[in-house]
Amino acid sequence: MHTLPQQLANGLLLGSMYGLIAIGYTMVYGIVQLINFAHGEIFMTGAFGALTVYVYILPDGTSMWAAVPLMLIGGGIVSVLVAVGAERFAYRPLRHAPRLAPLITAIGLSLTLQELVRNFYPGADKSRAFPSLDATHSIGSVDITDADIFLVCAAIVCMSSLAWFVRKSRTGRAMQATAQDPDTAQLMGIDTNRIIVVAFAIGGFFAAVAAVSFGLKYGNIDYRMGFLMGLKAFTAAVMGGIGNIYGAMLGGVVLGIAETLASAYISDIPGMQQLGGQSWANVWAFVLLILVLLFRPQGLLGERVADRA
């Protein structure tokens, strides 16, 4: 039990990362009823955009605390451009097509982005080293790194800003109206195309924040990183209530804590020694998803139409 606080902290940090990515899924679904399965690759391109700023733009010897904001800007620009480009050229022409068409398009776009990065980014066919923030601080029995502090602060700022934006800004209220009834919103003078682009852009930026946090924490990135993280984030969005922005973060935190605790403690249960450890973490994450779908398919918070933006 003396390791429990550390495991809970690890789960909270991992869940915050899942939640940041999951918000992109849930915002897009809340407005256009589309599961953007290429969102994991938008997360991946943000990581490589941030790495590009650090390796090819910043001068050698730049302090990490000066570099991180610039890397965040670079990664955010790349992710937002990819997300907005995907909406404009891949999804908008299929907006009124049968739902299977944009779903297949999203899967194809995901594979395309992976191959573009693998073939055209130098060294992307193998893991690329990413600058890390690994200075460790102890709070009681819990050890956290500077990368962990960055992740927590970024998650709090992003969620607080998004909550204010959706509830208080004119565009945020237009997003809520579009999510509730896009045809009526358009009749009331709301430019629904612009609102959809804003939703994709916000989701892309949040994915970039998660990508920079991932790189700073683990110290390497590769072109395949978006696939599994995207699946986990989609799992978090479904667990929280697909279309609910607060549910996305809650689902991420629950998933991260459950995955961490299962990895750490399942092997201590008699007869289950072979089912613990990090190699089984992904299995338990998706087992949790199946249980939620079986017993509470609407998610932990359910789908609140007014907040689906």
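Values in this document were obtained by computation on a predicted structure and should not be read as measured data.

## Let's talk about the overall build of the protein chain
Right, so step 1: Tallying secondary structure elements over the protein chain gives 11 helices and 4 strands in all.
Right, so step 2: For the protein chain, the C-alpha radius of gyration of 19 Å lies close to 19 Å, the compact-globule estimate for 309 residues.
Right, so step 3: For the C-alpha atoms alone, the extent of the protein chain along its principal axes is close to 60 × 50 × 35 Å.
Right, so step 4: Burial status across the protein chain gives 51% buried among its 309 residues.
Right, so step 5: For the protein chain, contacts bridging at least 24 residues in sequence account for 76% of all contacts bridging at least 6.
Right, so step 6: Surface accessibility of the protein chain: about 14,200 Å² in total, with carbon and sulfur atoms responsible for 66%.

## Quick notes on the packing of aromatic side chains
Right, so step 1: Counted under the stated rule, the structure contains 6 aromatic pairs.
Right, so step 2: Aromatic ring contacts, followed pair by pair, group Tyr25, Phe37 and Phe234 into a single cluster.
Right, so step 3: Directly above the ring of Phe89 sits Arg88, whose terminal nitrogen or CZ lies 5.7 Å from the centroid.
Right, so step 4: A cation sits over an aromatic face here: Lys217 above Tyr218, 5.8 Å from the ring centre.

## Description of the pattern of salt bridges
Right, so step 1: If you walk through the whole model with that rule in mind, you get 6 salt bridges.
Right, so step 2: Glu87 serves as the salt-bridge partner of Arg92, at 3.1 Å between the closest nitrogen and oxygen.
Right, so step 3: Arg92 gets classed as partly exposed once you look at its relative accessible area, which sits at 23%.
Right, so step 4: Ionic pairing is found between Asp148 and Lys217, a salt bridge with its closest N-O pair at 2.7 Å. Taken together, the positions of Asp148 in helix α5 (residues 146–168) and Lys217 in helix α8 (residues 192–218) put the pair 69 residues apart, joining distant regions of the chain.
Right, so step 5: For Lys217, a relative accessible area of 30% puts it in the partly exposed group.
Right, so step 6: Salt bridges linked by common partners bring Glu87, Arg92 and Arg95 together as one network.

## Re the environment of Ala47
Right, so step 1: Of note, Ala47 is situated in helix α2 (residues 39–57).
Right, so step 2: For Ala47, a relative accessible area of 0% gives the class buried.
Right, so step 3: Counting along the chain gives 181 residues from Ala47 to Leu228, while the straight-line C-alpha distance between them is 15 Å.
Right, so step 4: With sequence-adjacent residues up to four places away left out, Ala47 is seen in contact with Phe130, Ala211, Ile221 and Met225.

## A word on a positive patch on the surface
Right, so step 1: A contiguous patch of positive charge, built from Lys168, Arg170, Arg173 and Arg194, is present on the exposed surface.
Right, so step 2: Along the polypeptide, Arg194 turns up in helix α8.
Right, so step 3: Residue classification places Arg194 among the partly exposed residues on the basis of a relative accessible area of 42%.

What counts as what
Residues numbered from 1 in each chain as written. Predicted model: local features only at pLDDT ≥ 70, side-chain atom pairs only at ≥ 80, totals over all residues. Heavy atoms only, no water. Helix = DSSP H or I, 4+ residues; strand = E, 2+ residues; numbered from the N terminus. Rg over C-alpha atoms; globule rule 2.2 N^0.38 Å. Buried < 20%, exposed > 50% of the residue type's maximum accessible area, 1.4 Å probe, protein only. Contact = heavy atoms within 4.5 Å. Areas by Shrake-Rupley, 256 points an atom, 1.4 Å probe, with all protein chains shown as cover. Phe/Tyr/Trp six-rings, centres within 6.5 Å; stacked < 30°, edge-to-face > 60°. Lys NZ or Arg CZ within 6 Å of the ring centre and 35° of its normal. Salt bridge = Lys/Arg side-chain N within 4 Å of Asp/Glu carboxyl O. Patch = residues over 30% accessible without salt bridge, like charges linked within 9 Å, V, L, I, M, F, W, Y side chains within 5 Å. Lys, Arg positive; Asp, Glu negative; His and termini not counted. Charge placed at Lys NZ, Arg CZ, Asp CG, Glu CD.

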